[in-house]
Amino acid sequence: MAEFKIAPSILSADFARLGEEVDNVLASGADIVHFDVMDNHYVPNLTIGPLVCDALRKHGVTHEIDVHLMVKPVDRIIPDFAQAGATFITFHPEASEHIDRSLQLVKAEGCKTGLVFNPATPLSLAEHVLDKVDRILLMSVNPGFGGQKFIPHTLDKLRQARKMIDESGYDIDLEIDGGVNVNNIREIAEAGARTFVAGSAVFGAAKDSDPNRYETVIAALREELAKANV
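- With an unreviewed UniProt entry as reference, the chain is termed Ribulose-phosphate 3-epimerase, source organism Methylophaga sulfidovorans.
- Word for word, the UniProt comment on the chain under Pathway (unreviewed entry) is "Carbohydrate degradation."
- Word for word, the UniProt comment on the chain under Function (unreviewed entry) is "Catalyzes the reversible epimerization of D-ribulose 5-phosphate to D-xylulose 5-phosphate."

**Notes on the UniProt feature "active site" (unreviewed entry) in the chain**
Next up, step 1: Feature annotation in UniProt assigns "active site" (unreviewed entry) to the following positions: Asp36 and Asp177. These residues run over 142 residues, yet every pair of their C-alpha atoms falls within 10.5 Å of each other.
Next up, step 2: Mapping Asp36 onto the fold places it in strand β2 (residues 32–38).
Next up, step 3: Non-local contacts of Asp36, meaning those with residues more than four positions away in its chain, are made with Ser9, Leu11, Thr47, Ile48, His68, Met70 and Asp177.
Next up, step 4: Here Asp177 is to be found in strand β7 (residues 173–177).
Next up, step 5: Residues within four places of Asp177 in sequence aside, it is in contact with His34, Asp36, His68, Leu137, Leu138, Met139, Ser140, Val141 and Val197.

**Structural notes on the pattern of salt bridges**
Next up, step 1: All chains considered together, the criterion is met by 20 salt bridges.
Next up, step 2: A salt bridge links Asp66 to Arg135, with the shortest nitrogen-to-oxygen separation between them at 3.2 Å. Placement of the pair is Asp66 in strand β3 (residues 64–70) and Arg135 in strand β6 (residues 135–139), with a sequence separation of 69 residues. Each member of the pair Asp66 and Arg135 is classed as buried.

Rules of the game
- Residues numbered from 1 in each chain as written.
- Predicted model: local features only at pLDDT ≥ 70, side-chain atom pairs only at ≥ 80, totals over all residues.
- Heavy atoms only, no water.
- UniProt positions renumbered as here; feature names shortened; annotations may be inferred.
- Helix = DSSP H or I, 4+ residues; strand = E, 2+ residues; numbered from the N terminus.
- Contact = heavy atoms within 4.5 Å.
- Salt bridge = Lys/Arg side-chain N within 4 Å of Asp/Glu carboxyl O.
- Buried < 20%, exposed > 50% of the residue type's maximum accessible area, 1.4 Å probe, protein only.

This is the structure we're talking about:
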């Protein structure tokens, strides 16, 4: 039985109440805090840095923090996020001059590694470093902004990634990010994803009638995942 994990992206949270938002979504049943870092260089947006990650740890967050670096160059900022409490540090191959070296740097800093693939980036870039990768993240939107629609051909890419991971024999998580919601999460799971980043689909569905505001939407996502034929 596949284990599915839900990773709400705090990019869509209320930043004026970020600690409370993270507490609520985790108490509602989410598994992972997805942390989107954008530099207004690699992607056309500017978000948050290591200080916010550190603040969440000091606030008391003990769950996995999945730091997705959309920055270039990437090596300079990796140690800062490791020291700030990141669990996973994932980056885009295009943002590194030497992918193998950047992965080794993440490992040396005590974090788990991830490679992120944009919709048009080929999976072949992972072939020779699978022994150093703990997570492959497929973008199902072009990175830079939340609230975009899922790109359908990502399903075929997910199937290719699932096959590559299974044939490698390595224990590599397969994550999806972009346009994930209650209506498509089952199909995405059946294509091979095991960890699901959802931003606006979660934080945009808060209910004041829920004890922690997000129980209803997290339960709806899990209900769909339970139907997946995997």
